[in-house]
Amino acid sequence: MLVYLNGEFLPEREARVPVEDRGFIFGDGVYEVTRSVDGRLFEEPTHWRRLQRSLGAIEIDISGALDREAVREISERLLRENGLTGGHAIVYLQITRGAAPRTHWFPPAGTPPTVFLSAQRLEIPRELRERGADAITHPDQRWARCDLKTVNLLPNVLVKQRAHAAGVFEAILLRDGVVTEGTSSNVFGVLGGELRTAPLSNYILPGVTRGVVLELARERGLPVSEQPITLEELPRLDEVFLTGTTTDVQPLVTVDGRPVGTGRVGPIARALQEALYRRMAE
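Residues numbered from 1 in each chain as written. Predicted model: local features only at pLDDT ≥ 70, side-chain atom pairs only at ≥ 80, totals over all residues. Heavy atoms only, no water.

Caption draft 1: Representation of the pattern of salt bridges within the structure. Under the counting rule described, the total for this entry stands at 23 salt bridges. Between Arg142 and Asp140 there is a salt bridge; the shortest N-O distance is 2.8 Å. Notably, a salt bridge pairs Arg142 with Glu181, separated by 2.7 Å at the nearest N-O pair. Pair noted here: Arg142 is in the loop between strand 7 (133-139) and helix 5 (154-165) and Glu181 is in strand 9 (residues 178-182), with a separation of 39 residues, a long-range link. For the pair Arg142 and Glu181, one class covers both residues: buried. Members of the salt-bridge network, linked through shared partners, are Glu215, Glu219, Arg220, Arg279 and Glu282. (Salt bridge = Lys/Arg side-chain N within 4 Å of Asp/Glu carboxyl O. Helix = DSSP H or I, 4+ residues; strand = E, 2+ residues; numbered from the N terminus. Buried < 20%, exposed > 50% of the residue type's maximum accessible area, 1.4 Å probe, protein only.)

Structure below.
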């Protein structure tokens, strides 16, 4: 596969990053994953705004390295040259503070950032989307800036492994008795006909698909509340589903081994799932 690294397109096997890169040493970087449908980048402006927000918050300056137009052109070339202009794919973008001698403080001004992009095909697990998935709950022990899409994902990885070992799709994170999000997804619930999800804060990622789903729900006149779901409310939810760039709308049918609602995919999750796929195809 062809990738992009620091101004150069090259085969993936030839791409090399210095061992002193701060992304490798410190996890000092951010990333974005953008969906592509038939070669078109879905919600590209929203992903760019979130990238800019993450970069600004951790003070990485890419003004001399690339801009939105350049990222879009690189992404589209990777999709074309890797034969990914038909069907679903993802473009991965990672930017670190660059390579420099190891110090906990920032390297000298002018140190070029490391910019990496790759693309790969996305196979949608249609059967899982249709029948629903299972999840467990787990304490949210991550740092207090979960709203930034940084490459510091070790806490997410550890909990995702627990979910994997338990044979389930995702782990729903709980902080101070309320649902925050999943390890790699946002979480929605339906209670009494109202769609609920955690409000934006420093404890959840402002998911691009989360925002699209909220918009689709409001367009359909569904009651929507960005209000936390409590641990006590979890067993009483009529529906639970996840959202994400590669997760789409993924219904859950059990949480911690207990059925969600009837134990089958609910009508609101199904309607929003179909609406999201229609939006992607526009």
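Caption draft 2: Structural detail: the sheet that holds strand 5 (residues 88-96). Strands sit in the order 2-1-6-5-3-4 across an open sheet of six strands; the sheet is antiparallel. The two strands at the open ends of the sheet, each matched to only one other strand, are strand 2 (8-11) and strand 4 (40-41). Pairing between strand 3 (residues 29-37) and strand 4: two bridges, direction antiparallel. Residue Ser36 lies in a different strand from strand 4, and its bridge partner there is Leu41. The sheet strands contacting helix 3 (residues 68-81) are strand 1 (2-5), strand 2, strand 3, strand 4, strand 5 and strand 6 (114-121), and the helix crosses strand 6 at an angle near 40°. Its contacts with the sheet place helix 7 (residues 267-281) against strand 3, strand 4 and strand 5, and it is angled at close to 85° to strand 3. (Pairing = 2+ DSSP bridges. Contact = heavy atoms within 4.5 Å. Axes fitted to C-alpha atoms, helices over the stretch in contact; angles between N-to-C directions.)

Caption draft 3: How the structure looks around helix 7. Counted at 1.5 Å a residue, the expected span for helix 7 with its 15 residues is 21 Å, and the 21 Å between its end C-alpha atoms agrees. All of the buried residues along helix 7 are Ile268, Ala269, Arg270, Leu272, Gln273, Ala275, Leu276, Tyr277, Arg279 and Met280. (Expected span 1.5 Å × (residues − 1).)

Caption draft 4: Examining the pairing of strand 10 (residues 186-191) more closely. Within strand 10, six of the six residues are buried, which leaves the element mostly enclosed by the surrounding structure. Side chains Asn186, Phe188 and Val190 project from strand 10 onto one buried face, and the interleaved Val187, Gly189 and Leu191 project onto a second face that is buried too. Of the pairings in the sheet, the one linking strand 10 to strand 13 (residues 239-244) comprises five bridges and is antiparallel in character. Bridge pairing in strand 13 links Val187 to Leu242. In this antiparallel pair of consecutive strands, strand 10 and strand 11 (residues 194-197), the connection spans two residues, and Gly192 shows a positive phi of 60°.

So, to be careful, I would describe these as geometric facts and stop short of saying anything about function.
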